[in-house]
Amino acid sequence: MDMIATPPAHPADPATIAVLETIETRLRWLSSWTIHNANHLRDSRDGLKVGGHQASCASITAIMTALYFGALRPNDKVAVKPHAGPVLHAIHYLLGQQSQDALERYRGMGGAQSYPSRTKDSIPVDFSTGSVGLGVAITAFASLIQDYLIAHGEMAEADAGRMIALMGDAELDEGNIYECLIEAYKHDIRNCWWIVDYNRQSLDSTTADRMFRRFDDIFETCGWRVETLKHGKKQREVFAQAGGQAIADWIDACPNAEFAALTYQGGAAWRARLNADLAGQSETLALIAAQDDAALAALMTNLGGHCIATLLEAFARCDDDVPTLFIAYTVKGYGLPFAGHKDNHSGLMNPGQIAQLRGDLGIVEGEEWAPYGGLGDNAAASARAVVEASALAQAVKAKPAQAVAVPERLPVPDGAELSTQAAFGRILLDLAKSGHPLADRIVTTSPDVTVSTNLGAFVNQRGLFRRQELKDVFSAARIPTAQKWAGHGAGQHIELGIAENNLFLMLAALGLAAPLFGTRLMPIGTVYDPFIARGLDALNYACYQDARFLLVATPSGLTLGPEGGAHQSINSPLIGIGQPGLTYFEPAFADELALIMRWAFAHMQAEDGGSVYLRLTTRAIPQIERADDGWQDDALRGGYWLKAPSGDADIAIVFTGAVTPEVLEAAALLADDVPGLGLLMVTSPDLLHRGWSARHAGRWTGAGASSHADTLLGALAPHAKLVTIIDGAPSTLSWLGSVRGMRVSPLGTDRFGQTGDLPDLFRAYRLDAEAIVDAVAELCLGPVD
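Structure report, in brief.

Definitions and limits used
- Residues numbered from 1 in each chain as written.
- Predicted model: local features only at pLDDT ≥ 70, side-chain atom pairs only at ≥ 80, totals over all residues.
- Heavy atoms only, no water.
- Helix = DSSP H or I, 4+ residues; strand = E, 2+ residues; numbered from the N terminus.
- Rg over C-alpha atoms; globule rule 2.2 N^0.38 Å.
- Contact = heavy atoms within 4.5 Å.
- Areas by Shrake-Rupley, 256 points an atom, 1.4 Å probe, with all protein chains shown as cover.
- Lys, Arg positive; Asp, Glu negative; His and termini not counted.
- Charge placed at Lys NZ, Arg CZ, Asp CG, Glu CD.
- Core = buried A, V, L, I, M, F, W, Y, C linked by side-chain atoms within 4.5 Å.
- Buried < 20%, exposed > 50% of the residue type's maximum accessible area, 1.4 Å probe, protein only.
- Pairing = 2+ DSSP bridges.
- Axes fitted to C-alpha atoms, helices over the stretch in contact; angles between N-to-C directions.
- Parallel < 35°, antiparallel > 145°, perpendicular 65-115°, else oblique.
- Left-handed = near helix turned anticlockwise from the far one by under 90°.
- Nonpolar A, V, L, I, M, F, W, Y, C, P; charged D, E, K, R; others polar.
- Right-handed = clockwise from strand over helix to strand, strands pointing away.
- Phe/Tyr/Trp six-rings, centres within 6.5 Å; stacked < 30°, edge-to-face > 60°.
- Lys NZ or Arg CZ within 6 Å of the ring centre and 35° of its normal.
- Disulfide = S-S within 2.5 Å.
- Expected span 1.5 Å × (residues − 1).

1. Brief notes about the overall build of the protein chain
Step number 1: A tally of helices and strands in the protein chain yields 33 helices and 20 strands.
Step number 2: Relative to the 2.2 N^0.38 estimate, which gives 28 Å for 785 residues, the radius of gyration of the protein chain is 31 Å and therefore close to what a compact globule would have.
Step number 3: Here the C-alpha coordinates of the protein chain stretch approximately 105 × 70 × 45 Å along the principal axes.
Step number 4: Here the contacts in the protein chain between residues at least 6 apart in sequence split such that 78% fall between residues at least 24 apart.
Step number 5: Of the roughly 30,400 Å² of accessible surface on the protein chain, 52% is carried by carbon and sulfur atoms.
Step number 6: Averaging the locations of the 61 positively and 89 negatively charged side chains of the protein chain gives two centres separated by 2 Å.

Here you go:
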């Protein structure tokens, strides 16, 4: 154990504390019983352990009781540590917002989810959790978004809430916590609380004693206030008595692992150890002797995180907007038979142990689900009154977000040759200058690649967001610069450091502005395409809770030749296809991009919509003349015939994105030998694959409509052949051969690249026109020597 916290200055009301202690006991029981029912009483058809973390729930019930029924305000938002999900469900069960049926089906189909989920749970969940650390970090970004809305006049200062994370201490091992902490410091966040359930035990180990004071140092350096709640009220009262300081000093010197072991062994073990270590200190031994074994065990485990009075007083001391870390010392498994045992992380009470706990609480067998079972009428009424009067019961639901108008068309940049990255920047600039309502809701962000991903012109026009004004020193000094970036409250770009994890957490927070705060924002985040993988867990987390944003990644594949293999993406198209909640497009032409961006802004707001990922390129591509707009509907469904096959054509080239010039060159070379050759432009491998998969699933669900891929390939002869090519993983497109049973020759990149110019690289990795011609010849004539 580590240190003695400063005694609280303001004692809490004893009557309120007593009622909250009653509620806390109910939450510990209901969460334990929910898990027990799932593992021991419910039929198991597959023989798998259900699990549920009874010990992790028990360590945080007092913290959650004091927070939810004592300190929480109506506008506060909370991210609950993943393993405390059953406690959150128990809280909403007391509120009448969760059903017994959902608790009985905990971790079962349609029941309460294992970890709090915005999209899967029936109870209100502010932030999904599950992948540890991410639910903590998003609260810091949400506090920044709240300040953004206040600065832009979309929220009154008085309506600001705290963004609160309840975290297990093992989450402090996650690197994203510290990446976020640095960004939070740079942006001077406020109204953010992180509350650590500091039980000093994780799945595999006990927290190292050398971490003493390290967390305090880190957070204080980053501008946070740190409140360490080590000792409960009973301990502090004993420490104040003659001989009590020796007990306090002993606790501070006791290693975490030994403290846990003694907790598990109980009062007799505590007595033997204290008597041995404190022999000769008569006043101290008298204090110990005055306690029976049960009372001594209760005293030694009366830590700050289990003491309602200590928690309430700490929360009251911090009733301001200063970001605060609460380190609340707890015992893992507190109040349960395996409290303190090093193996209790996944431990479950057996039927005998749960029966003993039920008896100790006075709960009649058969009434385990009674919300206030085991309580007398008066105690139950008092607890019910506190629950019903809580801020959670009166939580302010964000008003439905108004739809953001989207123009009928976005302007298509002109130019004979244009990269999609450059076209993206020009489309955004035109929007920024247009005065259209959509432009006012766009918020851009980037991890230190704003300029190189073509966001610079938008930032010049709309400015950086800063709560305090940030002058552009170079412009003020009349030093020529392309970036004229002043920072102010009306700015619409949030610049981040070079940490992709923070980018996706920022996009998650921005993309939840509508459900959290009642105002819809249109977030756009840019990143280098290969580095999506560096933030993939946070991207998945953002999509899981249905955050809505536009991710623009560039450059793609080998087309960033001179930068070399570390900057050349390979599998990012497969991420786009495989990520639920994210629709991936890879346009080649500026008019495709404008069309898709317009669709994306609408899709981000649709009830059945989601986020969108655009894979763009720095390579300038010759633009083409369009005869009409007939291609557009198909392009938004995933692909269209740039050149439809003719006659009895039995071969086509299927392609996407940056390799378009090579495809057009190869088609010209093949014009005489394969006159009916079709060129199928795939704008979204994701949508084509999704439609094809839905068609297959429809055979069993009764919704067996033809997919767009079926329709497109139906223009070819039944046993036609396909050459597929993409500057990325070849499997992105090669599956199209399965749609109608066609032979495929897939071209793409499936190994790390190197530096070089495009002619050399495309030749070496077989993406050039010659490789395409060879692939066509092989399909038509057999293997080419």
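Structure's up, so let's keep going.
2. Let's talk about the nonpolar core
Most often, soluble globular proteins have nonpolar side chains that are buried together.
Step number 1: Trp194 and Leu736 are the most contacted members of the largest nonpolar core, which has 111 residues in total.
Step number 2: Element by element, the count of residues in this core is highest for helix α6 (residues 134-151), at twelve residues.
Step number 3: If you look at the next biggest cluster of nonpolar residues, it comprises 66 residues, including Trp33, Tyr68, Leu94 and Leu312.

3. Focus on the sheet that holds strand β20 (residues 743-747)
Step number 1: On the basis of which strands lie adjacent, the open sheet formed by five strands has the order β16-β18-β17-β19-β20 and mixed pairing. The outermost strands of the open sheet, each flanked by one partner alone, are β16 (639-643) and β20. With direction set aside, neighbouring strand axes in the sheet form an average angle of 25 degrees.
Step number 2: The sheet contact formed by strand β17 (residues 651-655) and strand β19 (residues 721-725) spans five bridges and is parallel. Residue Val654 lies in a different strand from β19, and its bridge partner there is Thr724.
Step number 3: The strands that helix α28 (residues 660-670) touches are β16, β17, β18 (678-682) and β19; relative to β18, the one it contacts most, it runs at about 175 degrees.
Step number 4: In this fold helix α33 (residues 769-781) packs onto β17, β19 and β20, with an angle of close to 160 degrees to the strand it touches most, β20.

4. Quick word on the packing of helix α18 (residues 420-434) against helix α26 (residues 590-603)
Any two packed helices are characterised by how steeply their axes cross, that is the angle between the axes, and by the distance between the axes.
Step number 1: Relative to each other, α18 and α26 sit at 55 degrees, their axes nearing to 10 Å. Judged on the interaxial angle alone, α26 and α18 are oblique. As α18 runs across α26, the sense of the crossing is right-handed. Contacts between α18 and α26 involve Thr420, Ala423, Phe424, Ile427, Leu428 and Leu431 from the former and Ala590, Leu593, Ala594, Met597 and Phe601 from the latter.
Step number 2: Looking at the contact of α18 with α26 residue by residue, the class counts come to ten nonpolar, one polar and no charged.

5. Concerning the packing of helix α12 (residues 267-277) against helix α13 (residues 282-289)
Step number 1: As a packed pair, α12 and α13 sit with axes 10 Å apart at the nearest point and diverge in direction by 170 degrees. Regarding the angle of α12 to α13, the classification is roughly antiparallel. Counting all contacts with α12, which are made through Arg271, Leu274 and Asn275, the residues of α13 involved are Leu285, Ile288 and Ala289.
Step number 2: In terms of residue class, the contact of α12 with α13 is built from four nonpolar, one polar and one charged.

6. Let's talk about the pairing of strand β14 (residues 611-615)
Step number 1: With respect to burial, β14 is a largely interior element, five of its five residues being buried.
Step number 2: As paired strands, strand β12 (residues 550-553) and β14 are joined by four bridges and run parallel to one another. By the bridge assignment for β14, Ala553 is matched with Arg615.
Step number 3: Pairing geometry for strand β13 (residues 582-585) and β14, over four bridges, is parallel. The residue of β14 that forms the bridge with Thr583 is Val612.
Step number 4: The parallel pair β13 and β14, bridged by α26, forms a crossover whose chirality is right-handed.

7. As for the packing of aromatic side chains
Step number 1: This structure, assessed with the given rule, holds 18 aromatic pairs.
Step number 2: Both rings, one in Trp250 and one in Trp270, keep their centres 6.1 Å apart while their planes meet at 70 degrees; by these two values the pair is edge-to-face. Separated by 20 residues along the polypeptide, Trp250 in helix α10 (residues 244-253) and Trp270 in helix α12 bring together distant segments of the chain.
Step number 3: In this structure Trp270 comes out as buried when scored by relative accessible area, which is 0%.
Step number 4: Among the aromatic residues, those joined into a cluster by ring pairs are Trp29, Trp33 and Trp369.
Step number 5: Stacked on the ring of Tyr115, the Lys or Arg Arg107 has its end atom at 5.5 Å from the ring centre.
Step number 6: Between Arg534 and the ring centre of Phe531, over which it is positioned, the NZ or CZ distance is 5.2 Å.

8. Focus: helix α4 (residues 85-94)
Step number 1: Burial runs high along α4: ten of the ten residues are buried.
Step number 2: As for α4, its buried residues are in contact with α1 (14-41), α2 (54-58), α3 (61-71), α5 (100-104) and α17 (377-388).

9. Things to note about the sheet that holds strand β3 (residues 192-198)
Picture the strands of a sheet paired through backbone hydrogen bonds; they go either parallel or antiparallel.
Step number 1: Spatially, the five strands line up as an open sheet ordered β1-β2-β3-β5-β4, and their pairing is parallel. Each edge of the open sheet carries a strand with a single partner, namely β1 (77-79) and β4 (225-229). Pairs of neighbouring strands in the sheet enclose a mean axial angle of 15 degrees, with direction left out of account.
Step number 2: Summarising the sheet, β1 and strand β2 (residues 163-168) pair through three bridges and their orientation is parallel. In the strand pairing of β2, Ala79 is matched with Ala165.
Step number 3: Sitting on the sheet, helix α8 (residues 214-221) is in contact with β3, β4 and β5 (324-329), with an inclination near 155 degrees to β4.

10. A closer look at the state of the cysteines
Step number 1: Tallied over the full model, the rule gives zero disulfides.
Step number 2: With no disulfide of its own, Cys180 lies closest to Cys192 among cysteine sulfurs, the gap being 7.3 Å.

11. Let's talk about helix α22 (residues 500-511)
Step number 1: Here α22 spans 16 Å end to end across twelve residues, near enough to the 16 Å set by a 1.5 Å rise per residue.
Step number 2: Most of α22 is tucked away: twelve of the twelve residues are buried.
Step number 3: Among all positions in α22, only Glu500, Asn501, Asn502, Leu503, Phe504, Leu505, Met506, Leu507, Ala508, Ala509, Leu510 and Gly511 are buried.

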